[in-house]
Amino acid sequence: MNNTLLSLTIAILFGIGTFLILRRDIVRVIIGLGILSHAVNLLIVSTGVFAGTKVPIIVDDGGHGAVEATGSIFTDTLSLNILAPVLAAGHHTDYVDPLVQALVLTAIVISLATTAFILILAYRIYEEYGTTDLKELRRLWG
Amino acid sequence: MIALAVHLPILLVATPILTAALMLFLRKQPAIQKLLSISVFFILAIVSVLMLLQVWSSGIQAYEVGEWGKYGIILVADLLSSGMVVLTSIVSFLALVYSLDYIEEKSLSASYYPLFSLLVAGLNGSFLTGDIFNLFVFFEILLLSSCGLVIANEKGGVTKSSDKMEATFKYLVLNMLSSIVMLIAVASLYATTGTLNMADISVKLSAMSAAGTLPWHVFGIALMFIVVFGNKAAIFPLHYWLPDVHPTAPSPISAMLSGVLIKVGAYGMLRVFFLIFPDTLYLFKPVIIYLALATIVVGAISAVAQTDVKRLLAYSSVSQIGYVFLGIGFGGVYGIAAALVYLVNHALAKSMLFLTSGGIIHHAGTRDMRKMGGMVDSAPFMSLMFLTGAMSIAGLPPMGGFIAKFQLFDAGISGEYYFEVAIALLFAIFTIFYMFRAMLLMFWGEKRDVNEYGEYSTHGTSSLIALPIIVLALGVVIFGLYAEPLITFANATANQILDPQPYIDAVMTRVVR
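Residues numbered from 1 in each chain as written. Chains lettered and ligands numbered in written order. Predicted model: local features only at pLDDT ≥ 70, side-chain atom pairs only at ≥ 80, totals over all residues. Heavy atoms only, no water.

*Asks:* Can you help me understand the overall build of chain B in this one?
*Replies:* Tallying secondary structure elements over chain B gives 22 helices and two strands in all. Looking at the 513 residues of chain B, the share that counts as buried comes to 65%. Nonlocal contacts in chain B, meaning residues at least 24 apart in sequence, comprise 83% of its contacts between residues at least 6 apart. Summing over all exposed atoms, chain B offers an accessible surface of approximately 16,900 Å²; the carbon and sulfur share of this is 70%. (Helix = DSSP H or I, 4+ residues; strand = E, 2+ residues; numbered from the N terminus. Buried < 20%, exposed > 50% of the residue type's maximum accessible area, 1.4 Å probe, protein only. Contact = heavy atoms within 4.5 Å. Areas by Shrake-Rupley, 256 points an atom, 1.4 Å probe, with all protein chains shown as cover.)

Written out as structure tokens, the structure is:
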């Protein structure tokens, strides 16, 4: 569908994030990291959007025995009807991959934890150094 | 017991996480915390050795969490990962024993035990997991818990807390960037192959490669993985955080970071490139080799000029990890086996050196080597142990480092990498120079104001501090004098790395429920 628009959004977010993490202010760097991680989250979600007819999860082939899937790499053919996310045989539909959403959820939680940690760290740095200018943080350079 | 034997991989990951949670509740009872954490880590060390023996005798163990087969998260213990887990467990047990007497009590019971357990869980998890996204999750656990540990206060307070903040900020920002890169790589890999299981990705990519339809962006993904693991292992253009972070951390944590944590990068490189991207190696082998050479050169030259003992050891870690990557770059059974032998020896020797440097700092009350001098009289034990470690890092004959360097250069020469071996040899001489320069500055020469030691100099060398150092030193000497078991093991591991078919079989032939 609007994959071009989505890709453009992701690209712009990556651009803004990269610009911000190159600033001298600690807070801007942290905001930049947040924007970058959200750009990645959008990227992951966008990998689960398919315009084709093949289902990105396991397809039941109707008990014809395991046929080696050659066409699309997203199709796993299992002869036994034992897997939970199974689509009925001979039935094709557009589908959004549920796995990427689980991945994004994990990534969001992880980036929440790291962002919380780094914000507290930035506050402590402000306490210790009295500034949020990264150029002033050079006590370890010598 | 037999039933439990199947569950060894998950035990190694779940036990430290549970311990971490338990430690948070027990923070008002430091005695119980101490006893519990020591016994848990001792048991973990035994369990990891048991798992290694099991893998050695009965082949690769795949443990499916929740019986979802290749569609779920799977833990795989092959020789490489179980060997790395044994290394982690032993070093972490010794570092924990050491930190009981080294870390400030308040910091120890409030945050140190839980974070240390989480660090070990992250390490074991990232070595054992067979799922590439799970690898990312464990990397984040590693990152956050090690950030908390770098800030932990040691007794005596030789490192200012503003230094710790600055170092941790650098560490966190650079590693967050690398984890963002890793997520991009994992997402692209998932979009390409439709699976996150490493064995499954390997099968699909090699099928595509055999059919000649390997997409070009797979090379980009592989390059991103070089950046990620290079950042973890501090390879040349990405090494700037390491010499700030490793010295400011308390010594047992420096030992964990330098001994085990940067080896995660080497492990990831071996796992990802030889399992998932063997078809891109022809392009990336020279990249790895030349980055490794640059790392050796930069690390060695920077180490020569250092005056801070822990900073010198940190730059030495940068240089030594370059040798490990050089072995990985040489490829072939001999090169990888040499890299593994080097990795084990460096882990033992460098964690021992960092623990010893903690004792030295305890003794002298400063990290500046120019203010030390003539300490061989007042601290004979530390000087003997530092000499052992320095000889091993420098690669002098009776120690394990000699065997490792010999194997590595032999592998390079038999692979006809003459120029690379020449550079590496030249900077091995630099290694001897900077290690013995530190030795001379600290232990020989005239006595400076070492009589007016820091606050904790009356503390002396307690048995809790001496014991881990002695055990690691014994390891270093034994691997030098009787290296055959290690070399046999490294060769078997290298064979397994180069032939991923058993790994794939062990993972893919699972019954899905």
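Resuming the write-up.
*Asks:* How should a nonpolar patch on the surface be read in this particular structure?
*Replies:* Residue and element names in this part refer to chain B. A surface patch of nonpolar side chains, amounting to about 420 Å² of accessible area, comprises F42, I46, V49, L50 and L53. Here L50 is to be found in helix α3 (residues 30-58). What makes L50 partly exposed here is its relative accessible area of 37%. (Patch = residues over 30% accessible without salt bridge, like charges linked within 9 Å, V, L, I, M, F, W, Y side chains within 5 Å. Salt bridge = Lys/Arg side-chain N within 4 Å of Asp/Glu carboxyl O.)

*Asks:* It is not clear to me how the packing of aromatic side chains should be interpreted in this structure. Could you clarify?
*Replies:* Both the distance between ring centres and the angle between the ring planes are used here to describe each pair of aromatic rings. All names here are of chain B. Tallying each qualifying case throughout the model produces 21 aromatic pairs over all chains. On the basis of an interplanar angle of 35° and a centroid distance of 5.1 Å, the ring pair of Y171 and W241 is categorised as tilted. You can see Y171 sitting in helix α7 (residues 161-193) and its partner W241 sitting in the loop between α9 (217-233) and α10 (242-248), a full 70 residues away along the chain. Of the two residues, Y171 and W241, neither departs from the other in class, the shared state being buried. With a centroid separation of 5.5 Å and 20° between ring planes, the pair formed by Y323 and Y342 is classed as stacked. Taken together, the positions of Y323 in helix α14 (residues 309-330) and Y342 in helix α15 (residues 332-364) put the pair 19 residues apart, joining distant regions of the chain. When its relative accessible area of 3% is taken as the criterion, Y342 is described as buried. Each member of the aromatic cluster is reached from another via a ring pair, and the members are F139, F219, F225, F229, F273, F277, Y282 and F284. Here the basic side chain of K405 rests over the ring of Y323, its NZ or CZ set 5.1 Å away from the ring centre. (Phe/Tyr/Trp six-rings, centres within 6.5 Å; stacked < 30°, edge-to-face > 60°. Lys NZ or Arg CZ within 6 Å of the ring centre and 35° of its normal.)

*Asks:* Looking at this model, I keep getting lost on the side chain of D78(B). Mind explaining?
*Replies:* All names here are of chain B. Tracing the backbone shows D78 in the loop between β2 (74-77) and α4 (79-102). Within the local environment of D78, its side chain forms a polar contact with the side chain of S81, the two groups lying 2.7 Å apart. Engagement of the side chain of D78 in a polar contact is seen with the side chain of R271, the distance being 2.8 Å. (Polar contact = N/O pair within 3.5 Å; in protein donor to acceptor, adjacent residues only side chain to side chain.)

*Asks:* Quick question: what am I supposed to make of α9(B) here?
*Replies:* Helical periodicity: at 3.6 residues per turn, an α-helix aligns residues three or four positions apart in one direction. Residues and elements named next belong to chain B. Along its 17 residues, α9 runs 24 Å from first to last C-alpha, staying within 8% of the 24 Å computed at 1.5 Å per residue. If you check which residues of α9 are buried, you get V218, F219, I221, A222, F225, I226, V228, F229, G230, N231, K232 and A233. Phi turns positive one or two residues past the end of α9, at A234, with a value near 60°. (Expected span 1.5 Å × (residues − 1).)

*Asks:* Any chance you could explain the interface of chain B and chain A here in plain terms?
*Replies:* Quoted interface sizes are often the accessible area lost when the parts come together. Contacts between the two partners involve 41 residues from chain B and, on the opposite side, 43 residues from chain A. Roughly 3,700 Å² of surface becomes buried between chain B and chain A when both sides are summed, with 77% attributable to carbon and sulfur atoms. Considering only the side of chain B, the residues that lose the most area to chain A are E166(B), F169(B) and Y190(B), jointly responsible for 19% of the buried surface there. Counting across the interface, chain B meets chain A through zero salt bridges. Linking chain B to chain A there are three residue pairs in polar contact (both at pLDDT 80 or more). Mapped onto the side of chain B that touches chain A, the elements with two or more residues apiece are α6 (132-151), α7, α8 (198-211) and α10 of chain B. Of the residues contributing to the side of chain B that touches chain A, the split by class is 24 nonpolar, eight polar and nine charged. (Buried area = accessible area lost by both parts, 1.4 Å probe. Nonpolar A, V, L, I, M, F, W, Y, C, P; charged D, E, K, R; others polar.)

*Asks:* Which parts of the structure should I look at to understand helix α3 (residues 98-129) of chain A?
*Replies:* The end-to-end C-alpha separation of α3(A) is 46 Å, in line with the 46 Å expected for 32 residues at 1.5 Å each. V100(A), L103(A), V104(A), A107(A), I110(A), S111(A), T114(A), I118(A), L121(A), A122(A), I125(A) and Y129(A) are the residues of α3(A) that are buried. Contacts made by the buried residues of α3(A) are with α2 (26-46) of chain A together with α6 and α7 of chain B. Downstream of α3(A) by one or two residues, G130(A) has phi in the positive range, about 70°.

*Asks:* Looking at this model, I keep getting lost on the side chain of R311(B). Mind explaining?
*Replies:* Residue and element names in this part refer to chain B. As for its position among the elements, R311 is in helix α14. Residue classification places R311 among the buried positions, given a relative accessible area of 10%. Within the local environment of R311, its side chain forms a polar contact with the side chain of Q306, the two groups lying 3.3 Å apart.

*Asks:* Please clarify how the environment of I90(B) should be interpreted in this entry.
*Replies:* Residues and elements named next belong to chain B. Within the fold, I90 resides in helix α4. Given a relative accessible area of 34%, I90 falls into the partly exposed group. When the C-alpha atoms of I90 and A45 are compared, they prove to be 5.7 Å apart, with 45 residues separating the residues in sequence.

*Asks:* How should I be thinking about the packing of helix α12 (residues 263-276) of chain B against α14(B) in this particular structure?
*Replies:* When two helices pack together, their arrangement is captured by the angle between the axes and the distance separating the axes. Residues and elements named next belong to chain B. The interhelical angle for the contact between α12 and α14, taken along N-to-C directions, is 10°, at an axis separation of 10 Å. When the axis of α12 is compared with that of α14, the two are roughly parallel. In this structure, α12 uses K263, G265, A266, M269, L270 and F274 to contact α14, whose residues at the interface are I321, V324, F325 and I328. Its residues assigned to classes, the contact of α12 with α14 comprises eight nonpolar, one polar and one charged. (Axes fitted to C-alpha atoms, helices over the stretch in contact; angles between N-to-C directions. Parallel < 35°, antiparallel > 145°, perpendicular 65-115°, else oblique.)

*Asks:* Explanation requested: the pairing of strand β1 (residues 61-64) of chain B in the structure shown.
*Replies:* Sheet faces and side chains relate simply in a regular strand, where the side chains alternate between the two faces. Residues and elements named next belong to chain B. Here β1 shows a buried face lined by Q61 and Y63 and a second buried face lined by A62 and E64. Of the pairings in the sheet, the one linking β1 to β2 comprises four bridges and is antiparallel in character. Opposite A62, over in β2, you have V76 as the bridge partner. (Pairing = 2+ DSSP bridges.)

*Asks:* Help me understand the nonpolar core, please; the structure alone is not making it clear to me.
*Replies:* Most often, soluble globular proteins have nonpolar side chains that are buried together. Residue and element names in this part refer to chain B. Formed by 214 residues in total, the largest nonpolar core has its most connected members in F116, I132, F225, F273, F277 and F386. A total of 19 residues in this core trace back to one element, the largest contributor, which is α15. The residues touching F386, leaving out its near neighbours within four places in the chain, are L353, T356, I360, M435, A438, M439, M442 and F443. (Core = buried A, V, L, I, M, F, W, Y, C linked by side-chain atoms within 4.5 Å.)

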